[in-house]
Amino acid sequence: MYSEKVMDHFSNPRNVGEIPDADGIGEVGNPTCGDIMKIFIKVKDGVIDDIKFKTFGCGAAIATSSMVTELVKGKTIDEALKISNKTVAEALDGLPSKKMHCSNLAADALHKAIEDYRNRSKK
Amino acid sequence: MRSVYFDHSATTPVDKRVAAEMINCITGNFGNPSSIHAFGRRARMAVEEARERVAKGIGANPDEIVFTSGGTEADNIALEGAARANRERGNHIITCAVEHHAVLDICKTLEKDGFKITVLPVDACGMVHVEDVAGAVSEKTILITIMHANNEVGTIQPIPEIGRLARERGIIFHTDAVQSAGKIPVRVDELGVDLLSLSGHKIYGPKGIGALYIRSGTRWQPVSHGGGQERGQRAGTENVPGIVALGKAVELAAAELDEEAARLTRLRDKLIQQVTERISHVYLNGHPVNRVPNNINFSFQDVEGESLLLSLDREGIAASSGSACAAGAVEPSHVLTAMGVPPALAQSSLRITLGRENTEDDVDYLLAVLPPVIERLRSMAPKS
Amino acid sequence: MRRVYFDHSSTTPLDPAAAGEMAPYFTEFFGNPSSFHYFGRGVRKAVEEAREKVAGAIGADPREIVFTSGGTESVNMAIEGIAQANQKKGNHIITCAVEHHCSLNTCKSLAKKGFEVTFLPVDSYGMVSVDDIAAAITDRTVLINIMHANNEVGTIQPVAEIGRLARERGVYFHSDACTSFGRVPVNVDDLGVNLLSLSAHKIYGPKGAGALYLRKGTRWQPLFHGGAQERMRRSGTENVPAIIGFGKTAELAAAGLEHEITYLTGLRDKIIREVIGRFDNIRLTGHPEKRTPNLASFCFEFIEGESMLLHLDMQGVAASSGSACTSGSLEPSHVLTSMGIPPEVAHGSLLLTLGKNNTEEDVDYFLAVLPPIIERLRDMSPLCHYDHCEVEEDCITCTARK
């Protein structure tokens, strides 16, 4: 059902946790649907310096969350914005089709976190 | 006593190679393929491998194969699913008089629900004419169902021609390939079919398993309701060992087709030639050339079919006088009747269907046993 | 790695005794039971013996047993066959919200065809009320369709009471006994059913076999059309080896039932006691007493079921979080939500179904590997952290606490 990469990120998720003084926080999903992802970012000189996540969800939800944190760590904000849910799924060697739309939301959470960071910077 | 099985159109023994894979699966791979744990994933893998084998055997894509509980279910859901899904386009279905009861009976049921059924006649060889099919097509025609090879007389229908016609007219085309699979090539594109039924136990696979091929894009709807198995197309926990066995059986049938067809044709033709030489007033039913390599169907004048079967059975020879399903029925075969065989001769038919384990010795044994049996029965019959 | 199979409501391993009896029917006694020659006759006899065994296990007459390809087909045949055959009398069917999908979806398809279907609610234990059924019956009611035991929470429905009611009111009664057969006593007269569905692969029999019990005199019509097998009630060549295997396991199930109930209840209660005792924010789902002896089902808050299953699977424990059919789906279980469990809690369901080969060591192993998994997933969860729940009373998920 899941690729080895998915199972690797599911069993050994990278960057689990919260950043108490995060520069931006993004949350997507709702518990009724069975998936919630929350991404915390720390930005330094336009680069994502640290990123952590917390996720309630299925194997795909946890693996995509973990993968997105790994993909963007050290990237610039502009580079991070180019990462889509599809990029994340591809980096995991694909996801089962029924998981593609519902549980593959980690990039959305990341984009929300960046939006939150930008809104805060404007103030 | 020697025991010879000549009733392979009724059912076949499971091939040892098929049985081995199946037993392996029964004992070592019992999971439910819908479960996500290791037991379930192993079962799922076995099911999908089998699906690929079946698809490959008939030149289809794996996602066009739906596993069923057998040929009857495949026929039932093929016709009912296509008819219901296309109801707003039309209500006319074309079939023919020599179809298996699984097809004829579901057509009758659909007729009660407001569908119009045209049952085409066949010629003296049991053959449907493409012109008749073309002539029956109307604006309202949504489905044509004509079997690939007949189960009683072995006649092979002009499926590719009907397939072309159906495609030109935009009509869904189903063929029951239960009797042709493993005997002659069955390739969905060459046949031009949208739906095709297969059965496991007619091709040295187990009973309780079959498959329906549904060409991708065909307007069809599921008939059973439940847990969403088979991509929502057929509900019920998958019969994993049966599916695995069907995969192996289809693979073997395809791999050994040419050689086996040649061998059976030789045995068949020897039997036909010798019986007609040695016994008088015998008629071959079905097409002289366009017939599956393992089917022989005779009518012996002044011999009653059941007493002939009983006499052969006492000599250790298992044959039949029609389809196994209707074997208990006293009515003459609807197939022979539709071919214009007079009732008396229809009642005196003998179907011999050869198979993988039959040898030339088996044929010689039958050739030795049959003439005296016929003679004895005829001597007992009142002179007409 | 140790492998523990706790998913016996999805399917069970084939009993070796049944496998042994089935084996010769593949290659040696392979005839078609409708053939009347030697090869067919012997097989016919074996099929009829299996029919007697299945009938004997549920207190029925062999002629009332129709072999099918499995539980789903039996249920489809039962509901559709009654509905279609009794249209002159009426078009109303009563069922309940926690039925298996094969029941619910057949009823829904009939509703689309113009039948009227009442889907009764259940209480927080998943139990349907006999009074609700009585109140729902009208002149037009032709069928009451209530399962014997639920496959996800194990709750045993008051089937005998429903049977009495159905008889009094002259309404046909079908019960899906796929989950209860082999776990609790199933006797068609005690239950008062007119139709009853059985599945072989849930009682250590083979996949691809099931049966429909059809009480003599029931007005019903077949679903499949074809070769007139099973006394015109189910067309298609009989799946002989599977039928033989089913007969054997039905016999074994009935004979071993008492022992099985005692043994599995002990294991089940240990799991329930230990799991409930060890974790906060967890609830037992289903009825505390009126449940099948082999089933323990829970909802863990703040955790999603699939992640739990994958972790358990990595430790060698095969469990489920609902019915196997829908285990790939993203919807929370319709059974749990019908019982009033909020969807976010229903997502954290864990279903353990024990079988005769499970041991106390299996249970202890499971109890040892579960806690770290729960802790790990809860640590990762952005939902209300269970440690914080004591203080954050307004947190949405806390309303679901036990």
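Here the structure is a predicted model, which is why all the values come from computation and not from measurement.

## Thoughts on the overall build of chain C
In terms of regular secondary structure, chain C is built from 13 helices and 12 strands. Radius of gyration (C-alpha) of chain C: 22 Å, near the 21 Å computed for a compact globule of 402 residues. Along the first, second and third principal axes, the C-alpha set of chain C runs to 75 × 55 × 35 Å. Counting only residues that meet the buried cut, chain C has 67% of its 402 residues in that class. Across chain C, contacts joining residues at least 24 apart in sequence account for 74% of those joining residues at least 6 apart. Treating the 39 positive side-chain charges of chain C as one cloud and the 49 negative ones as another, the clouds have centres 9 Å apart.

## As for the environment of L310 of chain B
Residues and elements named next belong to chain B. Within the element layout of this structure, L310 appears in helix α10 (residues 305–314). For L310, a relative accessible area of 36% corresponds to the partly exposed category. Through-space distance from the C-alpha of L310 to that of L252 is 34 Å; in sequence the pair is 58 residues apart.

## Digging into the environment of R51 of chain B
Residues and elements named next belong to chain B. Considering the arrangement of structural elements, one finds R51 in helix α2 (residues 38–58). By relative accessible area, R51 is classed as buried at 5%. Ignoring anything within four residues of it in the chain, the contact list for R51 reads R44, P62, I65, V66, F67 and E230. In terms of polar contacts, R51 uses its side chain to reach the side chain of E230, at 2.9 Å.

## Some remarks on the side chain of T72 of chain B
Structurally, the position occupied by T72 of chain B is in helix α3 (residues 71–85). Given a relative accessible area of 12%, T72 of chain B falls into the buried group. Residue contacts for T72 of chain B: discarding those within four places in its chain leaves A102 of chain B together with H225, S235 and G236 of chain C.

## Some remarks on the packing of α10 of chain B against helix α13 (residues 360–380) of chain B
All names here are of chain B. Taken N-terminus to C-terminus, the directions of α10 and α13 make an angle of 135 degrees; their axes are 10 Å apart at the nearest point. Between α10 and α13, the angle is such that the two are oblique. Our pair here, α10 against α13, has a crossing hand that is right-handed. In this structure, α10 contributes S307, L308, S311 and L312 to the contact, and α13 contributes L366, V369, L370, V373, I374, R376 and L377.

## Observations regarding the sheet that holds strand β12 (residues 349–353) of chain B
Residue and element names in this part refer to chain B. Judged by pairing direction, the sheet is antiparallel, and its 3 strands sit side by side in the order β9-β10-β12 without closing on themselves. At either end of the open sheet lies a strand with only one pairing partner, and these are β9 (282–284) and β12. For this sheet, the mean angle separating the axes of adjacent strands, direction not counted, is 25 degrees. As paired elements, strand β10 (residues 295–300) and β12 share 5 bridges and run antiparallel to each other. Within β12, the position partnered with I296 by the bridge is I352.

## Observations regarding the environment of E168 of chain C
Within the element layout of this structure, E168 of chain C appears in helix α7 (residues 159–169). With 124 residues separating them along the chain, E168 of chain C and R44 of chain C place their C-alpha atoms 39 Å apart.

## Regarding the interface of chain B and chain C
Note: interface size is frequently given as the accessible area lost on complex formation between the parts. With 59 residues of chain B at the contact, the number on the chain C side is 58 residues. Interface of chain B and chain C: buried area, both sides summed, is about 4600 Å²; carbon and sulfur atoms make up 64% of it. A per-residue breakdown of the area chain B buries against chain C is headed by F30, K207 and H225 of chain B, which together make up 16% of the total. Our count for the chain B to chain C interface comes out at 2 salt bridges. Applying the counting criterion to the chain B and chain C interface returns 21 residue pairs in polar contact (both at pLDDT 80 or more). Elements with a minimum of two residues in the side of chain B that touches chain C: β1 (4–5), α1 (16–28), α2, α3, α4 (101–112), α8 (240–255) and α10 of chain B. Per-element tally for the side of chain B that touches chain C: the top contributor is α4 of chain B, with 5 residues. Classifying every residue of the side of chain B that touches chain C by side-chain character gives 27 nonpolar, 23 polar and 9 charged.

## Examining unusual backbone geometry
One non-glycine residue, N15 of chain A, lies in positive phi territory at about 60 degrees. Among the structural elements, N15 of chain A can be located in the loop between α1 (4–11) and β1 (24–30). The residue R231 of chain B is not glycine, and still its phi comes out positive at about 50 degrees. Of note, R231 of chain B is situated in the loop between β8 (210–214) and α8. For R231 of chain B, a relative accessible area of 63% translates into the label exposed.

## As for the pairing of strand β3 (residues 47–56) of chain A
Residues and elements named next belong to chain A. Note: strand β2 (residues 35–44) against β3, 9 bridges, orientation antiparallel. Residue pairing across strands places V43 opposite I48, the latter belonging to β3. Adjacent in sequence and paired antiparallel, β2 and β3 are bridged by 2 residues, among which D45 carries a positive phi angle near 55 degrees.

## What about the domain arrangement of chain B?
Residue and element names in this part refer to chain B. Under the domain assignment used here, chain B contains domain 1 (4–11 + 257–374) and domain 2 (16–253). Domain 1 and domain 2 are separated by 27 Å when their C-alpha centres are compared. Both faces considered, domain 1 and domain 2 share a buried interface measuring about 2600 Å² in area, 56% of it formed by carbon and sulfur atoms. Three residues stand out in domain 1 for area buried against domain 2, namely L257, H334 and R356, and they jointly supply 26% of the buried area on that side. Applying the counting rule to domain 1 against domain 2 returns 0 salt bridges. Listing elements by their share of the side of domain 1 that touches domain 2, those giving two or more residues are α9 (257–278), β10 and α11 (334–338). For the side of domain 1 that touches domain 2, the element with the highest residue contribution is α11, accounting for 4 residues.

## Quick notes on the nonpolar core
If you look at the biggest cluster of nonpolar residues, it comprises 66 residues, and the most contacted ones within it are I271, V275, F300, L350 and F366 of chain C. Beyond its immediate sequence surroundings of up to four residues, L350 of chain C is in contact with A296, S297, F298, F300, M308, L309, L312, A319, S320, S321, F366 and L370 of chain C.

## Some points on the packing of helix α2 (residues 59–72) of chain A against helix α10 (residues 305–314) of chain C
Axis separation between α2 of chain A and α10 of chain C bottoms out at 7 Å; the angle between their running directions is 85 degrees. As the angle between them shows, α2 of chain A and α10 of chain C are arranged roughly perpendicular. Here α2 of chain A contributes G59, A60 and I62 of chain A to the contact with α10 of chain C, which in turn contributes E306, S307 and L310 of chain C. Taken together, the residues of the contact of α2 of chain A with α10 of chain C break down into 3 nonpolar, 2 polar and 1 charged.

## Remarks on the sheet that holds β2 of chain A
Residue and element names in this part refer to chain A. Judged by pairing direction, the sheet is antiparallel, and its 3 strands sit side by side in the order β1-β2-β3 without closing on themselves. Bordering the open sheet on either side are β1 and β3, each of which pairs with just one other strand. Neighbour-to-neighbour, the strand axes of the sheet open up by a mean angle of 15 degrees, direction not taken into account. Here 7 bridges tie β1 to β2, and the two strands are oriented antiparallel to one another. Pairing of N30 across the sheet is with D35, part of β2. Across the sheet, α2 is in contact with β2 and β3; its angle to β3 comes to roughly 175 degrees. On top of the sheet, helix α6 (residues 106–122) reaches β1, β2 and β3; it is set at about 140 degrees to β1, its chief contact.

Analysis parameters
Residues numbered from 1 in each chain as written. Chains lettered and ligands numbered in written order. Predicted model: local features only at pLDDT ≥ 70, side-chain atom pairs only at ≥ 80, totals over all residues. Heavy atoms only, no water. Helix = DSSP H or I, 4+ residues; strand = E, 2+ residues; numbered from the N terminus. Rg over C-alpha atoms; globule rule 2.2 N^0.38 Å. Buried < 20%, exposed > 50% of the residue type's maximum accessible area, 1.4 Å probe, protein only. Contact = heavy atoms within 4.5 Å. Lys, Arg positive; Asp, Glu negative; His and termini not counted. Charge placed at Lys NZ, Arg CZ, Asp CG, Glu CD. Polar contact = N/O pair within 3.5 Å; in protein donor to acceptor, adjacent residues only side chain to side chain. Axes fitted to C-alpha atoms, helices over the stretch in contact; angles between N-to-C directions. Parallel < 35°, antiparallel > 145°, perpendicular 65-115°, else oblique. Left-handed = near helix turned anticlockwise from the far one by under 90°. Pairing = 2+ DSSP bridges. Buried area = accessible area lost by both parts, 1.4 Å probe. Salt bridge = Lys/Arg side-chain N within 4 Å of Asp/Glu carboxyl O. Nonpolar A, V, L, I, M, F, W, Y, C, P; charged D, E, K, R; others polar. Domains from an automatic or database assignment. Core = buried A, V, L, I, M, F, W, Y, C linked by side-chain atoms within 4.5 Å.

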